[in-house]
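Observations on the model geometry
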Amino acid sequence: MNQQLKKLSPDSCEVECTHPEVVKRVSPLIAQVEGVETIFKALSDATRMKIIYALTQEDELCVCDVAAIIGISTATASHHLRLLRTMGIAKNRKQGKLVYYSVKDHHITDLVKIAIEHHNE
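This report concerns the structure included in the present document. In every chain, residue numbers begin from 1 and rise along the written sequence. Predicted model: local features are reported for residues with pLDDT of at least 70 only, side-chain atom pairs are reported and counted for 80 or more only, and whole-chain, interface and lining totals are derived from all residues. Only hydrogens and water are set aside when side-chain values are computed; all heavy atoms of the structure are taken into account.

Strand pairing follows a simple DSSP-based rule, namely that at least 2 bridges must link the two strands. Put simply, DSSP marks the helices as runs of H or I at least four residues long and the strands as runs of E at least two long, and each gets a number from the N terminus on. One open sheet accounts for 3 strands, arranged E3-E5-E4; its pairing is antiparallel. Edge positions in the sheet fall to strand E3 (61-62) and strand E4 (90-95), since each has one partner strand and no second. Pairing geometry for E3 and strand E5 (residues 98-103), over 2 bridges, is antiparallel. Within E5, the residue paired with Leu61 across the bridge is Tyr101.

See below:
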C-alpha cells in the first residue's frame, strides 16, 4: 500500500493510497464499459427519454403517434427516432406508408423503469 500526504478536497482521500490487489483485479474489467456511454447519451436528452418511455408503454408506435403523445412535430419525432435507431436503442419496421418503432430489447425497458423508480424515490 503506497501512501503520500496530499491536500485534497473534502470529497477525496486525505492521503493517496492505492491497493494493488484491487487495482489488478478491477482494471481489466473496465474494458467492458466501452460503448455503454452511447446508451446513456441517447437517454440523456429529454425528448428522446420521453420517446423511449412512450415506446415502453406499447409494443410499437408509429412516428405520428409518438409525435402526438409527447407534443412534438412528426419531423422532430422522426429525427429523434432515427437517432435512437442508429444508437441501437430502438428498431423500426415499415408498413405501407407508416413507420413503426419499438424498443430494441428488454434491457432498455429495464433501464428506463429503473431510472424512473430511482427518480421517484
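Continuing now.
With that settled, consider the side chain of Thr56. Note that Thr56 resides in helix H3 (residues 46-57). Residue burial is assigned from relative accessible area. The probe radius is 1.4 Å, only protein chains are included, and a residue is buried under 20% of its type maximum, exposed over 50%, and partly exposed in between. Given a relative accessible area of 18%, Thr56 falls into the buried group. Every residue pair with non-hydrogen atoms within 4.5 Å of one another is taken to be in contact. Once residues within four sequence positions are removed from consideration, Thr56 is found in contact with Val103, Thr109 and Val112.

Attention now goes to the packing of H3 against helix H6 (residues 106-120). Axis geometry follows a simple rule: fit a line to the C-alpha atoms, using only the stretch in contact for helices, then measure angles between N-to-C directions, giving values from 0 to 180 degrees. One way to put it is that H3 packs onto H6 with a least axis distance of 10 Å and a crossing angle of 110°. In this view, H3 runs roughly perpendicular relative to H6, as classed from their interaxial angle. Relative to H6, the crossing made by H3 is left-handed. Counting all contacts with H3, which are made through Met49, Ile52, Tyr53 and Thr56, the residues of H6 involved are Ile108, Thr109, Val112 and Ile116. Of the residues in the contact of H3 with H6, the class split is 6 nonpolar, 2 polar and no charged. Here the angle decides the label: under 35 degrees means roughly parallel, over 145 means roughly antiparallel, 65 to 115 means roughly perpendicular, and every other value means oblique. Left-handed describes a crossing whose near helix is turned anticlockwise from the far helix by less than a right angle; the clockwise case is right-handed. Charged means Asp, Glu, Lys or Arg here, nonpolar means Ala, Val, Leu, Ile, Met, Phe, Trp, Tyr, Cys or Pro, and polar covers whatever is left, Gly included.

Before going further, it helps to spend a moment on a nonpolar patch on the surface. Residues Val22, Val26, Leu29, Ile30, Val33, Val36, Phe40 and Leu111 make up a contiguous nonpolar surface patch of about 630 Å² in total accessible area. One can find Val22 in helix H1 (residues 20-26). Judged by relative accessible area, which is 36%, Val22 ranks as partly exposed. Each patch is built from salt-bridge-free residues with over 30% relative accessible area, joining like charges within 9 Å and nonpolar side chains (Val, Leu, Ile, Met, Phe, Trp, Tyr) within 5 Å. To be clear on the numbers: accessible area is Shrake-Rupley with a 1.4 Å probe, and residue cover counts the displayed protein chains and nothing else. Here, a salt bridge means any side-chain nitrogen of Lys or Arg that lies within 4 Å of a carboxyl oxygen of Asp or Glu.

By themselves these figures say nothing about function.
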